[in-house]
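# Structural characterization, general
Chain by chain, the residues:
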Amino acid sequence: MTLRLYDTATRAVREFVPVTPGQVGIYHCGLTVQGPPHLGHIRKEVTFDVLRRWFEFRGYCVTLVANITDIDDKVLAKETEQDEPWWSIAYANERALHAAYAALGCLAPTYEPRATGHIPEMVELMAQLIERGHAYPADDGSGDVYFDVRSWPDYGALSHQRLDDMEPATDAAARGKRDPRDFALWKGHKEGEPVTASWPTPWGRGRPGWHLECSAMVGKYLGDEFDIHGGGLDLRFPHHENELAQSTAAGRPFARYWMHNAMLNLDGEKMSKSVGSPLLVSEVVKRFRPIDVRYYLVAPHYRSVIEFTEAALQEAATAFQRIEGYVVRATEVTAGVDPATGEPDPDFTAAMDDDLAVPAALAALQGSVREGNKLLVDGDSPALAANLAGVRRMLGLLGLDPLDPGWQDSGPDRSAEVVDGLVTALLDQRHDARARRDFAAADAIRDRLREAGVEVEDTPQGPRWTVAG
RNA sequence: GGUGGAGUGGCCGAGAGGCGAGGCAACGGACUGCAAAUCCGUCUACGAGGGUUCAAAUCCCUUCUCCACCUCCA
């Protein structure tokens, strides 16, 4: 049984063959930490989290690297906007990103390098490119360094575009570029920009262009040739195209497979274009349980666009709760099983091997749940325990095992409301008992409440209660 | 202008020439004191128009609508 993955570069599903047998190196573009993450960002995270879990299930030793781009134009723009140092803004958003990972059950990457921590590696890469004739410092003395796209015949290979068909950048003319499509490896420090956002290079002080950091960091941590490079489909061009060009032009074979997840749209367009991006992860998890949100993001194929609607998310939650209901009931009956001993359904495994066909895998899972529910009628049995372990194993591979400790206490805690409702119900009964002068019954209710830790006092405005203690 | 992707039943969402994924909802039945949950069953499909084929959601042509990217993007 082999694992097949869709490779954006060749536009085909290809059998996965690792650079090093038994190991897989995955790099996916984390985030430019210019704002807190929304549901679209976290969809990418969840996609690669599932990929990673599947590789581990398949016996691979996974090295997962996701970058943090903590310096770029947008981060600097926020400094002015928010009147706060750029590095403080970047760090705050990085922590928000980590909180979102944790909330939605994404395992931590093996490493998460920051762009600002890898300036020497970038300078080294630029020097290689200049030496090989694929990059040049701008003639205008700005300190910018550009990649020379005309010097690299393969430019456009990833996105299958011809250089001459591309729309030229509108800002190119004034910036000392040899060709309008040349992209900045490095941006010279400009008057008015914070000095903290500049680093020395042989070509003057400046800061990374957007693409250079990924090539530098992936090379450092995964090597010149590695297995999978991923990210959102919107990164394919220019970001990944440029990474590919600058890395290969420097003599590095680079990624063997390119994987891109589709966008999550809101009101018919990409979320990042929506004003204010209302679907911040931190907001959504106030209204929906994180595990339900994860199910919603995992359930469609990763290469299908998700049109976000509240109703669809609600429906996903209902669908997941059916699965969860079985897991909880079966666990009560069997006194628990170790999911690590569970066997996934063969259809589940086959689906996942086929470019992570989660929808088909979920169909297999639903079948197992149905079988389990039938077994549940007869109470505990070895068959039920085996089924439960299998279901939990499959759920775990999607990061959706509801009994995983990571999900405990996640989501809105409604217990205070529930306690209030229960106490009120009892106080109503006590009121009725007093109204019919059945003081023995009324006192019995008050005593039961006191035993449970609730003190009741009668006041002219009616009874009030407090949690004793 | 260039490069891709999508349009499937009330809804979500797979599939990519034959044997109609799956879920949610609805309806019928079983179970239940009543519910809930669960199980069994039923129903509704492939944007439009042509064509190829014994057979088309799937291939071809025409057409409509939508989305992404073309140097800010996950």
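Anything mentioned here points back to the structure above.
Read on for an overview of the structure. (Residues numbered from 1 in each chain as written. Chains lettered and ligands numbered in written order. Predicted model: local features only at pLDDT ≥ 70, side-chain atom pairs only at ≥ 80, totals over all residues. Heavy atoms only, no water.)

## Thoughts on the overall build of chain A
- For chain A, the count of helices and strands is 14 helices and 15 strands.
- Principal axes of the C-alpha set define a box for chain A whose edges measure 95 × 60 × 35 Å.
- For chain A, the residues scored as buried account for 49% of the 469 residues in total.
- Here the analysis covers contacts within chain A between residues at least 6 apart in sequence; of these, 74% occur between residues at least 24 apart.
- When the accessible surface of chain A is summed, it comes to about 21,400 Å², and 52% of that surface belongs to carbon and sulfur atoms.
- Computed over 49 positive and 71 negative side-chain charges, the separation of the two mean positions in chain A equals 2 Å. (Helix = DSSP H or I, 4+ residues; strand = E, 2+ residues; numbered from the N terminus. Buried < 20%, exposed > 50% of the residue type's maximum accessible area, 1.4 Å probe, protein only. Contact = heavy atoms within 4.5 Å. Areas by Shrake-Rupley, 256 points an atom, 1.4 Å probe, with all protein chains shown as cover. Lys, Arg positive; Asp, Glu negative; His and termini not counted. Charge placed at Lys NZ, Arg CZ, Asp CG, Glu CD.)

## Things to note about the nonpolar core
- Counting residues in each nonpolar core, the largest one holds 105 residues, and the members touching the most others are Leu39, Phe55, Ile228 and Leu297.
- With 8 residues, helix α1 (residues 39-57) is the single largest residue contributor to this core.
- Looking at this core, you find at least three residues from each of domain 1 (4-266) and domain 2 (288-407).
- The contacts of phenylalanine 55, once residues within four sequence positions are left out, are Leu3, Leu5, Phe16, Val24, Ile26, Tyr60, Val62 and Ile228.
- Core analysis: the second largest hydrophobic core is formed by 14 residues, Tyr27, Val65, Val218 and Leu235 among them. (Core = buried A, V, L, I, M, F, W, Y, C linked by side-chain atoms within 4.5 Å. Domains from an automatic or database assignment.)

## Comments concerning the protein's contact with RNA strand B
- Among the 52 residues in the neighbourhood of RNA strand B, the closest are listed as Arg181, Trp210, Gly232, Asp234 and Leu235.
- Taken together, the sugar and phosphate atoms account for 69% of what RNA strand B places within 4 Å of the protein.
- Side-chain polar atom of glutamine 161 to a base nitrogen of RNA strand B: 3.0 Å apart, as the coordinates give it.
- In this structure, a phosphate oxygen belonging to RNA strand B sits 2.4 Å away from a side-chain N or O atom of lysine 270.
- Of all the elements in the fold, those that place two or more residues in the surface near RNA strand B are β3 (23-32), α1, β9 (225-232), α6 (236-249), β11 (264-266), β12 (269-270), α9 (310-334) and α11 (358-376).
- Along the lines of polarity and charge, the residues of the surface near RNA strand B split into 18 nonpolar, 20 polar and 14 charged. (Near = heavy atom within 4 Å. Polar contact = N/O pair within 3.5 Å; in protein donor to acceptor, adjacent residues only side chain to side chain. Nonpolar A, V, L, I, M, F, W, Y, C, P; charged D, E, K, R; others polar.)

## Quick look at the packing of helix α13 (residues 415-435) against helix α14 (residues 439-451)
- Taken N-terminus to C-terminus, the directions of α13 and α14 make an angle of 160 degrees; their axes are 7 Å apart at the nearest point. Relative to α14, the element α13 lies roughly antiparallel. Where α13 crosses over α14, the handedness of that crossing is left-handed. Taken together, the residues of α14 that come into contact with α13 (itself represented by Val423, Leu426, Leu427, Gln429, Arg430, Ala433 and Arg434) are Phe439, Ala441, Ala442, Ile445, Arg446 and Leu449.
- Of the residues in the contact of α13 with α14, the class split is 9 nonpolar, 1 polar and 3 charged. (Axes fitted to C-alpha atoms, helices over the stretch in contact; angles between N-to-C directions. Parallel < 35°, antiparallel > 145°, perpendicular 65-115°, else oblique. Left-handed = near helix turned anticlockwise from the far one by under 90°.)

## Thoughts on the sheet that holds strand β7 (residues 183-188)
- Spatially, the 4 strands line up as an open sheet ordered β5-β6-β7-β8, and their pairing is antiparallel. Both edges of this open sheet fall to β5 (135-137) and β8 (206-208), since each of them pairs with a single strand only. Pairs of neighbouring strands in the sheet enclose a mean axial angle of 20 degrees, with direction left out of account.
- As paired elements, strand β6 (residues 145-147) and β7 share 3 bridges and run antiparallel to each other. Within β7, the residue paired with phenylalanine 147 across the bridge is phenylalanine 183. (Pairing = 2+ DSSP bridges.)

## Remarks on the packing of helix α8 (residues 290-298) against α9
- Closest axis-to-axis distance for the α8/α9 pair is 8 Å, and the angle between their directions is 105 degrees. Regarding the angle of α8 to α9, the classification is roughly perpendicular. Counting all contacts with α8, which are made through Ile291, Asp292, Val293, Tyr295 and Tyr296, the residues of α9 involved are Ala312, Leu313, Ala316, Ala317, Ala319, Phe320, Gln321 and Ile323.
- Its residues assigned to classes, the contact of α8 with α9 shows 11 nonpolar, 1 polar and 1 charged.

## Quick word on the pairing of strand β1 (residues 4-7)
- Only one face of β1 is buried, namely the one carrying Leu5 and Asp7, since none of Arg4 and Tyr6 on the opposite face is buried.
- Where β1 and strand β2 (residues 12-15) come together, 4 bridges link them in antiparallel fashion. By the bridge assignment for β2, aspartate 7 is matched with alanine 12.
- With antiparallel pairing between neighbouring strands as the criterion, β1 and β2 make up a hairpin whose turn holds 4 residues, including arginine 11 at a positive phi of roughly 55 degrees.

## Examining the sheet that holds β11
- Read across the sheet, 3 strands follow the order β12-β11-β13 without closing on themselves; strand pairing throughout is mixed. The open sheet has two edge strands, β12 and β13 (306-308), and neither has a second partner.
- Relative to β12, β11 is paired through 2 bridges, and the arrangement is antiparallel. Bridge pairing in β12 links asparagine 265 to lysine 270.

## Concerning the environment of phenylalanine 55
- Checked against the element boundaries, phenylalanine 55 lands in helix α1.
- The class for phenylalanine 55 is buried, based on a relative accessible area of 0%.
- Separated by 243 residues in sequence, phenylalanine 55 and valine 298 place their C-alpha atoms 16 Å apart.

## A word on the pattern of salt bridges
- Overall, the coordinates contain 35 salt bridges when judged by the stated rule.
- A salt bridge links arginine 162 to aspartate 165; the nearest nitrogen and oxygen atoms lie 3.1 Å apart. (Salt bridge = Lys/Arg side-chain N within 4 Å of Asp/Glu carboxyl O.)

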